[in-house]
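Structural overview for review
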Amino acid sequence: MSNKPARLLQKYDLLLEHLDFEYIRQCTNGREVENIVKVLRSGEEGYFPQLTAFAEERLKSLRPESRLLRKEQPLATKHTLPEEQWREISNNLHDWEYRMKTLTDELRSAQVESDDTTVPRIRGTFDPFAKEEEPERVPQSKVIKYCDYDKWDKFDADTEMLKMDLDEERHREMVRLNNQKNSEHPKIVELPPEVKLSQQEKQVIAGKLREKGNDYFRAKEFKEAVEEYGKSLDLFPSAACFNNRAMANIKLQRYDQAIADCNQCLALEPQNVKALLRKAQALTSTDKRREAYKVYCDVLRIEPTNAVAQTSTSTLRRQLPDLPPPNAVRLTIEEVGNDVPEIDFRELIRPKKVIKDKLPDAIKQ
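Residues numbered from 1 in each chain as written. Predicted model: local features only at pLDDT ≥ 70, side-chain atom pairs only at ≥ 80, totals over all residues. Heavy atoms only, no water.

1. Here's the deal with the overall build of the protein chain
To keep it simple, the criterion reads: The helix and strand labels rest on DSSP assignments: H or I over at least four residues marks a helix, E over at least two residues marks a strand, and numbering proceeds from the N terminus. Exposure is judged per residue with a 1.4 Å probe applied to protein chains only, and the accessible area is read against the type maximum: over 50% gives exposed, under 20% gives buried, and values in between give partly exposed. What makes two residues a contact is simply this: any of their non-hydrogen atoms within 4.5 Å. Computed with the Shrake-Rupley method and a 1.4 Å probe, the accessible areas treat only the protein chains shown as cover for residues.
Along its length, the protein chain carries 16 helices and zero strands. For the protein chain, buried positions account for 23% of its 365 residues. When contacts within the protein chain are restricted to residue pairs at least 6 apart in sequence, long-range pairs at least 24 apart make up 49% of them. Surface exposure of the protein chain reaches about 30700 Å², of which carbon and sulfur atoms provide 53%.

Here it is as C-alpha cells:
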C-alpha cells in the first residue's frame, strides 16, 4: 500500500470537471464551493487565478461567513499608519503612563503616612505593593530527567492531566469556600425545604457520583474515590459501586472495609465474580488463606476456566498441603442408632442345597 497522501479531489469527493466556471456558477452548495476553493488554492491541479477569484466570489455570495474568506491584516506600526495618527497614539500612551506613575506615587505615600493597619484591603482591587508570591516549585525528586528513559516509559500523561484537572477543581472549591467564609456581611440565605428525589433521580445522581469516583480512581486519588463512592451509595446502593469501593479500599490497604463492601455486593448479586475475587484478594492480604481458598473455589464453581482463581488455588495448595482439591465434594456420614436389628451375615453365605461328596465311593471302586 502506497504511503502517498490522497489528492484533495479524492478527499473532498470532487471531479476534475467540477473545476469549471459554468459548474461553479450553477452550484448552490456552499460547502462544495468551499472545497473547490481549497483545491484551487492548493495548486495540485494547476494554477488558475481567474477561476480561483471567481470561486471566491461565488463562495462569498453563498457563505459570506466562511473562514476561507478571511484575510490577515498586518500589524499597525509607525511605518504603516499616517504620521498624525501615530503621533496621537504615542501621546495618549505617554499620558496614560504618566497618570499611572502619579497614581502609584500617591498610593505609596498614602500607605507610608497611614498608621491604621486594621483596615483590610478591598477585595478585587490590585495592590501594587503586595509581594509577589513565588510560584510553587516542583520537587526535584518528581522531575524526570530527559535522559531517564525508564521513567519516561512509565509516565502516563493522561493520568497526570486528570490529576491537574482534579487539583484545579479542588482549588476552585477551596477559593469559593474561603471567599464565602471571609465575607464581611454574609447574606442570610433561607434554605429551601428538603427536596424529595424520586428513585430514578437518585439513580441518575448516584451514577454521576460513581463516574466522578472512577475519575479519581484512574488518577490514583483513592481516598477521594472512596468518598465519592460513599456519596453514591448513600443515594442508591448498587453492586457495581460496592465493587468499585472495595477495589479502592484494597488500594488503600483497608482490607476489612473491602471485605465488607464485597459482602454487600454479593448480597445484591450472589454470583458476582469480581466481588468474589476481590474478597479473596483481601482475605489473602489479611492472612486468612483458608477462607480465601474457599472463595476461590466458589469462583471456580461459577467459572471453571477462571485463570486468576486457578492460579491462586494452586498457589494456596502449595502453601497449605492439607487443603482439598477445588472440585472435592464433602460427604456426610450418618451414625446408625442401636434400635436397628442386627443382620446375621451367616444366613447370606449358608448354601441352599447340600451336595453329597462322591469321592469316597470312587476310591472304593
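Moving on from the coordinates now.
2. Examining the packing of helix α3 (residues 30-42) against helix α4 (residues 49-62)
Spelled out, the test is: Only C-alpha atoms enter the line fits that serve as axes; for helices the fit covers just the stretch in contact. Angles between N-to-C directions range over 0 to 180 degrees. For classification, angles of less than 35 degrees are called roughly parallel, those exceeding 145 degrees roughly antiparallel, those between 65 and 115 degrees roughly perpendicular, and all remaining angles oblique. Crossing handedness: left-handed means the near helix sits turned counterclockwise from the far one by under a right angle, and right-handed means the same turn made clockwise. By the convention adopted, Pro, Cys, Tyr, Trp, Phe, Met, Ile, Leu, Val and Ala count as nonpolar, Lys, Arg, Asp and Glu as charged, and the other residues, Gly among them, as polar.
Running from N to C, α3 and α4 cross one another at 155°; their axes reach a closest spacing of 9 Å. The angle between α3 and α4 places the two elements in the roughly antiparallel class. Considering only the axes of α3 and α4, their crossing is left-handed. For the pair α3 and α4, contact is made by G30, V33, E34, V37, L40 and R41 and by L51, T52, A55, E56, R58, L59 and L62, respectively. Residues belonging to the contact of α3 with α4 are distributed by class as follows: seven nonpolar, two polar and four charged.

3. What to know about the confidence of the model for the protein chain
The condition that has to hold: Every residue is assigned a pLDDT by the predictor, reflecting its confidence on a scale from 0 to 100.
Of the residues in the protein chain, 76% have a pLDDT of 70 or more, and the chain-wide mean is 79. When the elements of the protein chain are averaged for pLDDT, helix α15 (residues 346-349) gives the smallest value, 65, and helix α11 (residues 255-268) the largest, 92.

4. A word on helix α14 (residues 307-319)
What counts, and what does not: Working rule for helices: expected span equals 1.5 Å times residues minus one. Comment: arc refers to directions from the helix axis out to C-beta atoms. As used in this structure description, the phrase polar contact means that two N or O atoms lie within 3.5 Å; if the pair is within protein, one of them must be able to donate a hydrogen and the other to accept it, and residues adjacent in sequence are counted only when both atoms belong to side chains.
With 13 residues, α14 should reach 18 Å at 1.5 Å per residue; the first-to-last C-alpha distance of 19 Å fits that figure. Listed in full, the buried residues belonging to α14 are A309, S312, T313 and L316. Buried residues along α14 cover an arc of 100° about the axis, so they all sit on one side. With respect to the buried face of α14, the exposed residues turned more than 90 degrees away are A307, T311 and R318. With a side-chain oxygen lying 3.2 Å from the backbone nitrogen of V308, the N-terminal cap of α14 falls on N306.

5. A few points about the packing of aromatic side chains
What counts, and what does not: Here a Phe, Tyr or Trp ring, Trp counted by its six-membered ring, pairs with any other such ring whose centre lies within 6.5 Å, and the pair is stacked when the planes are under 30 degrees apart, edge-to-face when over 60, and tilted otherwise.
Following the criterion strictly, the structure yields two aromatic pairs and no others. Relative to F54, the ring of F21 lies with its centre 5.4 Å away and its plane at 55°, an arrangement referred to as tilted. Of this pair, F21 sits in helix α2 (residues 21-26) while F54 is found in helix α4, placing the two residues 33 residues apart along the sequence. On the basis of an interplanar angle of 65° and a centroid distance of 5.2 Å, the ring pair of F217 and F222 is categorised as edge-to-face.

6. Quick notes on the packing of helix α9 (residues 222-235) against helix α10 (residues 239-251)
Direction vectors running N to C along α9 and α10 enclose 155°, while the axes themselves pass 9 Å from each other. As judged from the angle between their axes, α9 and α10 are roughly antiparallel. Read as a crossing pair, α9 and α10 show a hand that is left-handed. Across the interface between the two elements, F222, V226, Y229, G230, S232 and L233 of α9 pack against C241, F242, N244, R245, A248, N249 and K251 of α10.

7. Some details on the state of the cysteines
Spelled out, the test is: When two cysteine sulfur atoms are found within 2.5 Å, that pair is recorded as a disulfide.
Tallied over the full model, the rule gives zero disulfides. C262 takes part in no disulfide bond, and the closest cysteine sulfur to it belongs to C265, at a distance of 7.0 Å. We classify C262 as buried; its relative accessible area is 1%.

8. Considering unusual backbone geometry
Within the chain, K220 stands out as a residue other than glycine whose phi angle is a positive 65°. With respect to the helices and strands, the residue K220 is situated in the loop between α8 (199-218) and α9. Positive phi, normally seen in glycine, also occurs at D287, with a value near 65°.

9. Examining a nonpolar patch on the surface
Which entries qualify depends on this criterion: For patches, a residue must show more than 30% relative accessible area and have no salt bridge; joins then use 9 Å for like charges and 5 Å for nonpolar side chains, namely Val, Leu, Ile, Met, Phe, Trp and Tyr. Basic side-chain nitrogens of Lys or Arg form a salt bridge, by our definition, when they fall within 4 Å of a carboxyl oxygen of Asp or Glu.
A surface patch of nonpolar side chains, amounting to about 460 Å² of accessible area, comprises L93, W96, M100, L103 and L107. Tracing the sequence through the fold places L107 in helix α5 (residues 83-113). On the basis of relative accessible area, L107 is assigned to the partly exposed category, the value being 41%.

10. A word on the pattern of salt bridges
Scanning the model with the defined rule gives 13 salt bridges in all. Sharing partners across several salt bridges, the network here consists of R31, E34 and R63.

11. Comments concerning the nonpolar core
Quick note on the threshold: Throughout this description, the term nonpolar core refers to a set of buried Ala, Val, Leu, Ile, Met, Phe, Trp, Tyr and Cys residues connected via side-chain atoms within 4.5 Å.
Counting 37 residues, the largest nonpolar core has Y296 and V299 as its most contacted members. Put simply, the parts of the chain that give this core at least two residues each are α9, α10, α11, α12 (273-285), α13 (289-302) and α14. Excluding its chain neighbours within four sequence positions, the residues that come into contact with Y296 are L277, A280, Q281, T284, A309, S312, T313 and L316.

12. As for the side chain of N306
The topology assignment puts N306 in the loop between α13 and α14. A polar side-chain atom of N306 sits 3.2 Å from the main-chain amide nitrogen of V308. Of note is the side chain of N306, whose polar atom sits 3.1 Å from the backbone nitrogen of A309. Sequence-distant contacts of N306, that is, excluding residues within four places in its chain, are made with V273, L277, V299 and L300.

13. Re α9
Under the 1.5 Å per step criterion, the end-to-end length of α9 is 20 Å for 14 residues, consistent within 8% with the ideal 20 Å. Residues of α9 that are buried: F222, A225, V226, E228, Y229, G230, S232 and L233. If you follow the buried residues of α9, they end up packed against α8 and α10.

14. Some words on the environment of R210
You can see R210 is positioned in helix α8. You can call R210 partly exposed: its relative accessible area is 24%. Contact partners of R210, with chain neighbours within four places excluded, come to Y229, S232, A240, C241 and N244.

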